[in-house]
Amino acid sequence: MALVSGESLKSELEMFDIPCQDDSVLDKMVEQCICNRIQADEMVLEWVAYSTTKNGLKLTLDTLEQFEHEVLNKRNKSKQILRKEETHNRTRDIHTLQDIIKAEEEEENLLDAYSTPAKGSQKRALTTPENPHSKRSAALLASPGLLLSPASFSPSATPSQKYSQRGGKGEVVVTFGAVQGTRWAGRKTPGAGVQLELLEGLEDSLRCSYKYMFQRLRDVRNVLTEKIEELGDGLRSHFNIEEFSPVSLPAQDSITVLGQVCCDSNGKLNAHSVLLEAGPEQGGQQVPVDLSELKEYSLFPGQVVVMEGMNTTGRKLMASKLYEGVPLPFYTSEVKTEMDEEPMNVLVACGPYTPSNSLTFDPLLDLINVIVRDRPDVCLLLGPFVDSKHEQIEKAQVTETFEAIFSRCLESIVDGTKSVGCRLVFVPSQRDIHHHFIYPQPPFTLPNLSKDQVQRVTLVPDPCTLLIDGVTFGLTSTDILFHMGAEEISCGTGSDRFSRILKHMLTQRSYYPLYPPVEEVNMDYEKFQSFGQMPLTPDILIIPSELRYFVKDVVGCVCVNPGRLTKGQVGGTYGRLLIQRSAASDDGRRGSPCLAAQVVKI
């Protein structure tokens, strides 16, 4: 195809006596010729035909854009359909098939490179050098605090139509506690005087990245063995069990055994494939378990349990009783609570912060507006911030480094909430493409923060336990609910699956009790032993998931799944909590510090 130039187009236009002195119009026509693979004479003929039907339309940038929408896009679609029909009717061998695939890939890449509108382009506003952003984006970009410039991330930074047209903005979808008449705002000076620290202490917390990809099976075995022994000691003292018997020793009497639940194959666990694997102290062997006599049970691979039953042959345990784990105690503060202390407002949001079809951070900008409006004391923001599952990142259509996008995103949040003065907590995610995807995950590093910003920003690992004004928060951005939900089996429990899984996490005292983990979680077991366990039962457990949002009280711990800020191309949800440290009642009962909680649509 001969190269189309401005001069060739101008001479073709003069043939039809169409004046054109504007170079930008000619440049636009050249771009349209290249993108749509048509010659100068063909382009001019198409324009003449189009302008004639529109009563002699003048040649301007606006009319060219209309022409592209109404003529060129339809022309491309009909060409593609014809090409598909031709190739479909042709006899093919392996070589022609490979040629077809290669040609289609090259065509897609070329179209993407020139940002030619793809599917649904008629509905979507075009982004051109003359018309770069929607009015809303332009207004936000004019603000010195917000540095999110989508055009710098991607050549096709068109705002998501579905996100901007979403319904139910600000609608409350879940409520918990006494929400009537609640004022969802922070204290008079948000963030001022809020005590926020990692509960593990400076020496024990995961403060920086570490070396991984070198762990021996023996070390993994040792970690799992210690977990069995530690939880076994807790169960033994709680249920007054004298001693545990070896799992594979034949006995005519009822025995009590301790072990870890596992599956007899690489498939999914079911009622007929349950094995109990004992620790070295009980022989370290595996025995199949018959669950038919148990009226109710809930089991998953990796769960440490105590079972009572008969094992007459040493080859199968007929379980008659299952002992559930015991959660750790809650945090007790030695500082006395002031009765007139204002409640603390905490906002929780989980990424992704962009719609799946666009790298415009509109949902994040909306969240910043919510923070400015409600003025919370603390904002817990969980990744992914630069999502590895985003369409444009998967197809390598970004024009800037992932680190640059991330730092700009975080700077925007920090600068955009400067007027509020709230404390910001950033939790990484396995899906953050610029960060180490290892579990437990080290915190982000932000070297460019000023002194004022450092005082407001806290960078924490995934998972972690935070102490905020005497109230403990357990945080994890890994979707353990989804992972365990696919593996757990139950019978006759009567409770919903979410509550069962959350109870398992609290009784197993771990942020990720599943073993083996799912393929996408790269577990470092030595670090997991130090940083993946719960040091106590948190007052509030923040556990975002792809599954439906909820707020539940499970054995005294308020568990919150705020949902994700975007779900595909549409808006998602965020959570807000009203927290007040409560003194123990006269009868010694602990009162929940969570006065009220809501999940709200963005």
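Residue positions are given per chain, counted from 1 along the sequence in the order it is written. Two thresholds apply to this predicted model, a pLDDT of at least 70 for residue-level local features and 80 or more for giving and counting side-chain atom pairs, whereas whole-chain, interface and lining totals are computed over all residues. Hydrogens and water molecules were not included; the side-chain quantities draw on all heavy atoms of the structure.

As recorded in an unreviewed UniProt entry, the chain goes by the name DNA polymerase alpha subunit B, listed as coming from Perca flavescens. UniProt positions are given in the numbering used here, feature names are shortened, and annotations may be inferred rather than shown by experiment. The UniProt entry for the chain carries this comment under Subcellular location (unreviewed entry): "Nucleus". The record held by UniProt for the chain lists under Function (unreviewed entry) the comment "Accessory subunit of the DNA polymerase alpha complex (also known as the alpha DNA polymerase-primase complex) which plays an essential role in the initiation of DNA synthesis."

Turning to the sheet that holds strand β5 (residues 286-290), a few remarks are in order. Taken in spatial order, the 5 strands line up as β3-β4-β5-β8-β7 and close into a barrel, and their pairing is mixed. The average angle at which neighbouring strand axes cross in this sheet is 55°, direction not considered. Relative to strand β8 (residues 317-323), β5 runs parallel, the two sharing 2 bridges. Counterpart to Val289 in the pairing with β8 is Leu317. Pairs of residues are marked as contacts when any of their non-hydrogen atoms sit within 4.5 Å. Helix axes use the C-alpha atoms of the stretch in contact, all axes being lines fitted to C-alpha atoms, and the angles between their N-to-C directions lie in the range 0 to 180 degrees. To qualify as a helix, a DSSP run of H or I must reach at least 4 residues; to qualify as a strand, a run of E must reach at least 2; elements of each kind are numbered from the N terminus. Across the face of the sheet, helix α9 (residues 217-239) comes into contact with β3 (251-263), β4 (274-277), β7 (304-311) and β8 while running at roughly 135° to β3. What makes two strands pair is DSSP finding at least two bridges between them.

Formed by 35 residues in total, the largest nonpolar core has its most connected members in Leu367, Leu381, Phe385 and Phe426. When residues of this core are traced back to their parent elements, those giving at least two are β9 (344-350), α10 (362-374), β10 (378-382), α12 (402-416), β11 (423-427) and β12 (457-459). A per-element tally of this core places α12 first, with 6 residues. Sequence-distant contacts of Leu381, defined by excluding residues within four places in its chain, comprise Leu347, Ala349, Tyr353, Leu367, Ile413, Val425, Phe426 and Val427. Take the buried Ala, Val, Leu, Ile, Met, Phe, Trp, Tyr and Cys residues and link them wherever side-chain atoms come within 4.5 Å; each set so joined is a nonpolar core. Three exposure classes are used, based on accessible area relative to the maximum for each residue type with a 1.4 Å probe and protein chains only: buried under 20%, partly exposed in between, and exposed over 50%.

Trans is the common state for peptide bonds, and a negative phi is the common state for residues other than glycine. Geometrically, the link from Gly351 to Pro352 is a cis peptide bond, its omega value of 10° lying close to zero. Mapped onto the fold, Pro352 is located in the loop between β9 and α10. At the junction of Gly383 and Pro384, the peptide bond is cis and its omega measures out at 10° in the coordinates. Here Pro384 lies in the loop between β10 and α11 (391-394). Backbone geometry places Arg375, a non-glycine residue, at a positive phi of 50°. Structurally, Arg375 is set in the loop between α10 and β10. Residue class for Arg375 comes out partly exposed when judged on its relative accessible area of 32%. Positive phi is not limited to glycine here, since Asp469 has a value of about 50°. With respect to the secondary-structure elements, Asp469 resides in the loop between β13 (464-468) and β14 (471-475).

Axis separation between helix α1 (residues 6-15) and helix α3 (residues 40-53) bottoms out at 9 Å; the angle between their running directions is 45°. By the criterion of interaxial angle, the relationship of α1 to α3 is oblique. Crossing of α1 over α3 shows right-handed handedness. Between α1 and α3, the contacting residues are Ser8, Leu9, Glu12 and Leu13 on the first element and Ala40, Asp41, Met43 and Val44 on the second. Any angle from 65 to 115 degrees is called roughly perpendicular, while one under 35 is roughly parallel, one over 145 is roughly antiparallel, and all others are oblique. Crossing handedness: left-handed means the near helix sits turned counterclockwise from the far one by under a right angle, and right-handed means the same turn made clockwise.

A few words now on the packing of aromatic side chains. When two rings of Phe, Tyr or Trp (its six-membered ring) have centres within 6.5 Å they constitute a pair, described as stacked for plane angles under 30 degrees, edge-to-face for angles over 60, and tilted for the intermediate range. Evaluation of the coordinates by the stated rule reveals 15 aromatic pairs. On the basis of an interplanar angle of 75° and a centroid distance of 6.0 Å, the ring pair of Tyr210 and Tyr212 is categorised as edge-to-face. When the centroid spacing of 5.6 Å and the interplanar angle of 55° are considered together, the rings of Tyr439 and Tyr512 count as tilted. Highlighted residues: Tyr439 in the loop between β11 and α13 (451-456) and Tyr512 in the loop between α15 (497-508) and α16 (525-531), separated in sequence by 73 residues. In this pair, the class of Tyr439 matches that of Tyr512, namely buried. Following the ring pairs from residue to residue traces out a cluster consisting of Tyr353, Phe385, Phe406, Phe426 and Phe444. Sitting over a ring, as applied to charges here, requires NZ of Lys or CZ of Arg to be within 6 Å of the ring centre and within 35 degrees of the ring normal. Geometry around Phe550 places Lys552 over its ring, the cationic atom sitting 5.8 Å from the centre. A cation over an aromatic ring shows up here: Arg590 above the ring of Phe330, its NZ or CZ 3.7 Å from the ring centre.

Our focus in this paragraph is the sheet that holds strand β16 (residues 540-542). One open sheet accounts for 6 strands, arranged β2-β13-β14-β16-β18-β17; its pairing is mixed. In this open sheet, the two strands that pair with only one neighbour each are β2 (196-198) and β17 (550-554). Direction aside, the axes of adjacent strands within the sheet are offset by 25° on average. As paired elements, β2 and β13 share 3 bridges and run antiparallel to each other. Bridge pairing in β13 links Leu196 to Ile468. Against the sheet, α15 contacts β16, β17 and β18 (557-561), and its axis sits at roughly 55° relative to β17.

By the criterion of burial, β18 is predominantly enclosed, with 5 of the 5 residues buried. Because side chains alternate across β18, one face comprises the buried residues Cys557, Cys559 and Asn561, and the other comprises Val558 and Val560, equally buried. Judged from the 3 bridges that link them, β16 and β18 form a sheet pairing that is parallel. Bridged to Ile540 within β18 is Val558. Here 5 bridges tie β17 to β18, and the two strands are oriented antiparallel to one another. Residue pairing across strands places Asp553 opposite Val558, the latter belonging to β18. The antiparallel pairing of β17 with β18 creates a hairpin that spans 2 residues between the two strands, and Val555 there sits at a positive phi of about 40°.

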